[in-house]
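Descriptive structure summary
Letter by letter, the chains look like this.
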Amino acid sequence: MSIPYGKQDINDEDIAAVIAVLQSDFLTQGPQVPLFEGAIKEAVNAQYAIAVNSATSALHIACLALGVGKGDLVWTTPISFVASANCALYCGASVDFVDIDANTYNLSAQHLQQKLEYARVHGLALPKVVIPVHLSGQSCAMQKIHHLGQEYGFSIIEDASHAIGGHYQGNNIGACQFSDITIFSFHPVKIITTAEGGVATTNNASLAQKMTLLRSHGITRDPSLMNHSSEDNCYYEQICLGFNYRMTEMQAALGVSQMHRLQSFVSERNRLAIRYDRLLEALPVQLPQQMAETYSSRHLYIIRLRLDKISLTAKAVFLLLREKGIGVNLHYFPIHMQPYYQKLGFITGKLPEAELYYKNALSLPLFHKMTLAEQDKVIEVLSEVLLS
Ligand SMILES: *Cc1c(COP(=O)(O)O)cnc(C)c1O
């Protein structure tokens, strides 16, 4: 039996909530989605929440709502899931990458500033949108990124797929204090799950309205948005080109039920992460650093192997751990090095921190229901491998 790097926690209440929906009148477009959106708004302290069928869809409609289109440029980090960059390409825009911070592995505000200055001095295009990703659940340096946004005129989408339940400067991630839109993912490996699912939060009424339209075919029943008036209450109009990105009622009901345990999921992950910190201290690895003003949801526990201090290659360590039943993973292979992005013309060698990171980063198993015995097993096997 191997120990996975992440795993959902489904209890009897979750199951009962989904069954109740299956026995009700609405499997889609019923009361559960608004209830789930309400739970998200309340938990993160945002004015609007638009639930969709994945975080990838949320990123897509967030970009579109901010006007991203052909000829525009979106910047993000190379150390993320591919969806953080693909969303720009869906809109016909171009994407570019900002190198990561050596301590947090998040998009570096310093590198962002340098890249912006360089673009301005050389008359190059500036980004329309920047998408910082809160890797592992630890917030990026949002205040500084927001400041740069004001100076250079770009909008900000926080990809908080890992980060629900986290804080930055005492505010909930998702409150959009320093961004236009925040998106979350509810894939089963993330903090809470709806199987597939995502949400976009914002405090901007116009962005919320646009994303609501884009989620469901560009169709509205709101008379104030329609071109023609009608007495018929079945009348609707399509006023833009949207998609079917709706979340089902079963998913939303599961989400409502999971949200009851958000705080306990995050505190348990923090407890396990701190225990890892203590028990891995003597090993030849760099432990994940937590910045001041951040409280991470601890989606991932990423260590960096000190390859100068061990006799094995990173690949050998990875394979040995897998062989011994420890479900280690790499988050992430740099996006600009993916074959698809290489075909688009991205070259390796220009994002040194990200490229160094992928050579020695390793995610250890961490999930809410992980037992101390399982954690001890991970530590024991890792020590055995690294000290061999
Ligand atoms: C999981 C993830 C996504 C995509 O989420 P889906 O809900 O699977 O579409 C996007 N960005 C990051 C950083 C992720 O980890």
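The model shown is predicted, which means the values in this text are computed figures rather than measured ones.

Okay, the overall build of the protein chain next. Scanning the protein chain from N- to C-terminus turns up 13 helices and 15 strands. Computed over its C-alpha atoms, the radius of gyration of the protein chain comes to 22 Å, within 12% of the 21 Å expected for a compact globule of 388 residues. Dimensions of the protein chain along its principal axes, counting C-alpha atoms only, are 80 × 60 × 40 Å. The 388 residues of the protein chain split such that 54% are buried. Taking the contacts inside the protein chain whose residues are at least 6 apart along the sequence as the reference set, 71% of them involve residues at least 24 apart. Counting every atom, the protein chain has about 17100 Å² of accessible surface; 53% of that belongs to carbon and sulfur. Counting 29 positive and 34 negative side-chain charges, the protein chain places the centres of these two groups 6 Å from one another.

The domain boundaries assigned to the protein chain delineate domain 1 (12-259) and domain 2 (262-387). The centre of domain 1, based on its C-alpha atoms, is set 26 Å off from the matching centre of domain 2. Facing 39 residues of domain 1, the contacting portion of domain 2 comprises 34 residues. Both faces combined, the contact of domain 1 with domain 2 buries some 3200 Å², and carbon together with sulfur accounts for 62% of it. Looking at the side of domain 1 facing domain 2, the largest losses of area belong to Y105, Q138 and I191, adding up to 19% of the total buried there. Counting across the domain 1 and domain 2 interface gives zero salt bridges. If you look at where domain 1 meets domain 2, you find 19 residue pairs in polar contact (both at pLDDT 80 or more). Counting residues per element, the ones that place at least two in the side of domain 1 that touches domain 2 are helix 4 (83-90), strand 3 (94-97), strand 6 (167-168) and helix 8 (249-259). Along the lines of polarity and charge, the residues of the side of domain 1 that touches domain 2 split into 20 nonpolar, 16 polar and three charged.

Around the ligand sit 15 residues, and of these T56, D159, H162, S185 and K190 come closest. Between S161 and the ligand, the recorded distance is 3.3 Å, taken from a side-chain N or O atom to a nitrogen atom. Protein contacts shield 93% of the accessible area of the ligand, which totals 380 Å² for the unbound molecule. Elements with a minimum of two residues in the shell around the ligand: helix 3 (55-65) and helix 4. By residue class, the composition of the shell around the ligand is five nonpolar, eight polar and two charged.

Further remarks concern the pairing of strand 15 (residues 361-364). Burial along strand 15 is two-sided: the face carrying A361 and S363 and the face carrying L362 and L364 are both buried. Pairing between strand 14 (residues 301-305) and strand 15: four bridges, direction antiparallel. Paired with I302 across the bridge in strand 15 is S363.

Looking at the secondary structure, you find C240 in the loop between strand 11 (237-238) and helix 8. Counting along the chain gives 104 residues from C240 to L344, while the straight-line C-alpha distance between them is 30 Å.

Time to look at the state of the cysteines. Under the defined criterion, the tally for this structure stands at zero disulfides. The structure places no disulfide on C240, whose sulfur is separated from the nearest cysteine sulfur, that of C91, by 13 Å.

Position of H162 among the secondary structure elements: in the loop between strand 5 (155-159) and strand 6. Judged by relative accessible area, which is 3%, H162 ranks as buried. Discounting chain neighbours no more than four positions away, the residues touching H162 are H134, L135, S136, G137, K190, I191, S297, H299, L300 and Y332.

Extensive coverage of strand 5 is indicated by the burial of five of its five residues. Here strand 5 shows no split at all, with S155, I157 and D159 on one side and I156 and E158 on the other all buried. Relative to strand 5, strand 4 (residues 129-131) is paired through two bridges, and the arrangement is parallel. Paired with V130 across the two strands is I156, which belongs to strand 5. Taken together, strand 4, helix 6 (residues 142-152) and strand 5 form a β-α-β motif whose crossover is right-handed.

Parameters and conventions
- Residues numbered from 1 in each chain as written.
- Predicted model: local features only at pLDDT ≥ 70, side-chain atom pairs only at ≥ 80, totals over all residues.
- Heavy atoms only, no water.
- Helix = DSSP H or I, 4+ residues; strand = E, 2+ residues; numbered from the N terminus.
- Rg over C-alpha atoms; globule rule 2.2 N^0.38 Å.
- Buried < 20%, exposed > 50% of the residue type's maximum accessible area, 1.4 Å probe, protein only.
- Contact = heavy atoms within 4.5 Å.
- Areas by Shrake-Rupley, 256 points an atom, 1.4 Å probe, with all protein chains shown as cover.
- Lys, Arg positive; Asp, Glu negative; His and termini not counted.
- Charge placed at Lys NZ, Arg CZ, Asp CG, Glu CD.
- Domains from an automatic or database assignment.
- Buried area = accessible area lost by both parts, 1.4 Å probe.
- Salt bridge = Lys/Arg side-chain N within 4 Å of Asp/Glu carboxyl O.
- Polar contact = N/O pair within 3.5 Å; in protein donor to acceptor, adjacent residues only side chain to side chain.
- Nonpolar A, V, L, I, M, F, W, Y, C, P; charged D, E, K, R; others polar.
- Near = heavy atom within 4 Å.
- Pairing = 2+ DSSP bridges.
- Disulfide = S-S within 2.5 Å.
- Right-handed = clockwise from strand over helix to strand, strands pointing away.

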